[in-house]
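Remarks on the overall topology
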Amino acid sequence: QVQLVESGGGLVQAGGSLSLSCAASRSLLTISNMDWYRQAPGKQRELVASVTNGGSTNYADSVKGRFTIARDNAKNTVALQMNNLKPEDTAVYYCKATYWWNDYWGQGTQVTVSS
């Protein structure tokens, strides 16, 4: 099992930045993929960014060039740096870990971008 705790959400104006963090209860060296998802009101949850154990990253087209995912295996954390935020980035952001072919989710953190 993996417990995940997200932090760092909040309210920011358009064009601003926020950094999210996800702390895992076990070593990230044992976890294959770490992902950030988001879900806006009335919309499906969508993949925002992912990072493999080898460090390969993948981003949704809507956030490419603005968001950066970074994995710190020593601290068992995954960060999502979000720059040039837009109102359409408003959502609850979730961290997900894939461990032994099972997916584990955090409780989510709210990000609100005002125009």
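Everything below is about the structure printed above this text.
Remember, predicted model here, so these are calculated numbers, not experimental data. (Residues numbered from 1 in each chain as written. Predicted model: local features only at pLDDT ≥ 70, side-chain atom pairs only at ≥ 80, totals over all residues. Heavy atoms only, no water.)

Under the counting rule described, the total for this entry stands at 6 salt bridges. The salt bridge partner of aspartate 35 is lysine 96, with a shortest N-O separation of 3.5 Å. Of this pair, aspartate 35 sits in strand β4 (residues 34-39) while lysine 96 sits in strand β9 (residues 91-99), and the two are 61 residues apart along the sequence. The residues aspartate 35 and lysine 96 share a single accessibility class, namely buried. A salt bridge links aspartate 89 to arginine 66; the nearest nitrogen and oxygen atoms lie 2.8 Å apart. Here aspartate 89, found in the loop between β8 (77-82) and β9, pairs with arginine 66, found in the loop between β6 (57-59) and β7 (67-72); they are 23 residues apart in sequence, far enough to count as distant. With respect to burial, aspartate 89 and arginine 66 carry one shared label: buried. Via salt bridges that share partners, Arg38, Glu46, Arg66 and Asp89 belong to a single interconnected network. (Salt bridge = Lys/Arg side-chain N within 4 Å of Asp/Glu carboxyl O. Helix = DSSP H or I, 4+ residues; strand = E, 2+ residues; numbered from the N terminus. Buried < 20%, exposed > 50% of the residue type's maximum accessible area, 1.4 Å probe, protein only.)

Right, let's get into the packing of aromatic side chains. By the definition in use, this model includes 3 aromatic pairs. Centroid distance tyrosine 37 to tryptophan 105: 4.9 Å. Interplanar angle 65°. Geometry classified as edge-to-face. Taken together, the residues span a long stretch of sequence, with tyrosine 37 in strand β4 and tryptophan 105 in strand β10 (residues 102-105) at a distance of 68 residues. With 5.3 Å between their ring centres and 70° between their planes, tryptophan 100 and tryptophan 101 make a pair best called edge-to-face. These aromatic residues form a ring-pair network of at least three members: Tyr37, Tyr94 and Trp105. Across from the ring centre of tyrosine 94, 3.7 Å away, lies the NZ or CZ of arginine 45, which sits over that ring. One residue, arginine 45, lies across the ring of tryptophan 105, its end atom 4.7 Å from the ring centre. (Phe/Tyr/Trp six-rings, centres within 6.5 Å; stacked < 30°, edge-to-face > 60°. Lys NZ or Arg CZ within 6 Å of the ring centre and 35° of its normal.)

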